[in-house]
Amino acid sequence: MRDTPDAVMVFAAGFGTRMKELTRTRPKPLIEIAGRPLLDHALDLVSEAGIARCVVNTHYLGDQIAAHLSDRPRIAVSHEAPEVLETGGGLRKALPLLGGGPVFTLNSDAVWTGANPLAQLRAAWVPDRMQALLLLVDPRDARGHTGGGDFLTDPHERLTRGPGAVYSGVQIIRPDLLATIPDRAFSLNLLWDRMMRDGTLFGVRHRGGWCDVGRPEGIGVAERMLEEAAGA
């Protein structure tokens, strides 16, 4: 079994309720930032990082996402029905499409500048001691983010819960523990909690800009960040 990730799961199945009217008739991943859908911004990162296999999960208005991807046969779609499976259940359902070994997961509702987040994780991945490696953002650099910090890091970059860095929505994770969860729909937080107890959950800081586009006001913030990066 491979020990270096070469497959990525792009999460695109959520309802996007915080986007209000913007997601009444279209899924959040197809909301445009600087003239391009959020999903395409995420897929650009996958392409730039040279990741061989990509799966996008869908649920709410999933036919629109499937149609958007219809001319990209190398991207597989994992549709969740009748209910959305959350991050853990969704990843487990997609495993036959992703193959064995560690995988990247990437939320589709953020925009990035600077170093490619997937490439950063790959460079920092140490397979003999990590069950998961999360990409983190300093709260002062977390544009569009309205909550507090998520994780504290020790001197060895191991993670514990606390008001420290913000989880950016991208990671490398070993899917082994997915089989131990009896629920059909569940969050990957369950796996992270187990890994924290075992000392196998790690984090690394993003070198660049990041904007959470979970709410309507995040659209303008993300576009200004991209404009700033283009003019730098």
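On a predicted model such as this, the values are computed, not experimentally measured, just so you know. (Residues numbered from 1 in each chain as written. Predicted model: local features only at pLDDT ≥ 70, side-chain atom pairs only at ≥ 80, totals over all residues. Heavy atoms only, no water.)

Asker: Before we go on, may I ask you to explain the packing of aromatic side chains in this structure?
Answerer: In this description, a pair of aromatic rings is defined by centroid distance and the angle of the planes. Enumeration according to the criterion identifies four aromatic pairs in this entry. Aromatic pair phenylalanine 15 and tyrosine 60: ring centres 5.6 Å apart, planes at 45 degrees, arrangement tilted. In this pair, phenylalanine 15 is assigned in the loop between β1 (7–11) and β2 (32–33) and tyrosine 60 in the loop between β4 (53–58) and α2 (62–68), connecting sequence segments 45 residues apart. Seen in terms of ring centroids, tyrosine 167 and tryptophan 192 are 4.9 Å apart; in terms of plane orientation they differ by 80 degrees. Their pairing is edge-to-face. Of this pair, tyrosine 167 sits in strand β12 (residues 166–173) while tryptophan 192 sits in helix α5 (residues 189–198), placing them 25 residues apart in sequence. We note that tyrosine 167, like tryptophan 192, is buried. An aromatic cluster is defined as three or more aromatic residues linked by ring pairs; in this entry it consists of Phe151, Tyr167 and Trp192. (Phe/Tyr/Trp six-rings, centres within 6.5 Å; stacked < 30°, edge-to-face > 60°. Helix = DSSP H or I, 4+ residues; strand = E, 2+ residues; numbered from the N terminus. Buried < 20%, exposed > 50% of the residue type's maximum accessible area, 1.4 Å probe, protein only.)

Asker: I'm lost on the sheet that holds β1 in this one. Help?
Answerer: Each strand in a sheet pairs with another by means of backbone hydrogen bonds, the pair being arranged parallel or else antiparallel. Sheet architecture is open: seven strands sit in the order β5-β4-β1-β6-β12-β8-β13, paired in mixed fashion. Looking at which strands have only one partner, the edges of the open sheet turn out to be β5 (75–79) and β13 (201–205). Strand-to-strand twist of the sheet, defined as the mean angle between neighbouring strand axes without regard to direction, takes the value 25 degrees. As paired strands, β4 and β5 are joined by five bridges and run parallel to one another. Bridge pairing in β5 links cysteine 54 to isoleucine 75. In the packing of α5 onto the sheet, contacts are made with β8 (132–137), β12 and β13, and the angle to β12 comes to roughly 80 degrees. (Pairing = 2+ DSSP bridges. Axes fitted to C-alpha atoms, helices over the stretch in contact; angles between N-to-C directions. Contact = heavy atoms within 4.5 Å.)

Asker: Mind showing me how you'd approach the pattern of salt bridges here?
Answerer: Two side chains of opposite charge can pair, provided their charged atoms sit close to one another. For the coordinates displayed, the defined rule picks out ten salt bridges. Between arginine 24 and glutamate 21 there is a salt bridge, and its shortest N-O distance comes to 3.0 Å. Each of the two residues, arginine 24 as well as glutamate 21, counts as exposed. Arginine 36 is the partner of aspartate 44 in a salt bridge, and the nearest nitrogen-oxygen pair spans 2.6 Å. For aspartate 44, a relative accessible area of 29% gives the class partly exposed. (Salt bridge = Lys/Arg side-chain N within 4 Å of Asp/Glu carboxyl O.)

Asker: I would appreciate a short explanation of the environment of alanine 81 in the present structure.
Answerer: Within the secondary structure layout, alanine 81 lies in the loop between β5 and α3 (86–98). Relative accessible area serves as the criterion here: at 43%, alanine 81 is assigned to the partly exposed category. Taking C-alpha positions, alanine 81 is 9.4 Å from tyrosine 60, a pair spaced 21 residues apart along the chain. Leave out the neighbours within four places in its chain, and alanine 81 touches His59 and Arg184.

Asker: When you look at the sheet that holds strand β7 (residues 110–112) in this model, what are you seeing that I'm missing?
Answerer: A sheet is described by the order of its strands in space; here three strands give the open sequence β7-β14-β9, paired in mixed fashion. Lying at the two open borders of the sheet, with one neighbouring strand each, are β7 and β9 (142–143). Summarising the sheet, β7 and strand β14 (residues 210–212) pair through three bridges and their orientation is antiparallel. Directly across from valine 111, in β14, lies its bridge partner cysteine 211.

Asker: Explain unusual backbone geometry here, please?
Answerer: The general pattern is negative phi for most residues beyond glycine and trans for most peptide bonds. Proline 82 follows alanine 81 through a cis peptide bond whose omega is 5 degrees. As for its position among the elements, proline 82 is in the loop between β5 and α3. In this model, alanine 34 sits at a positive phi of 55 degrees, which is unusual for a non-glycine residue. Mapping alanine 34 onto the fold places it in the loop between β2 and β3 (36–37). For glutamate 86, which is not a glycine, the phi torsion comes out positive at approximately 65 degrees. Secondary-structure assignment places glutamate 86 in helix α3.

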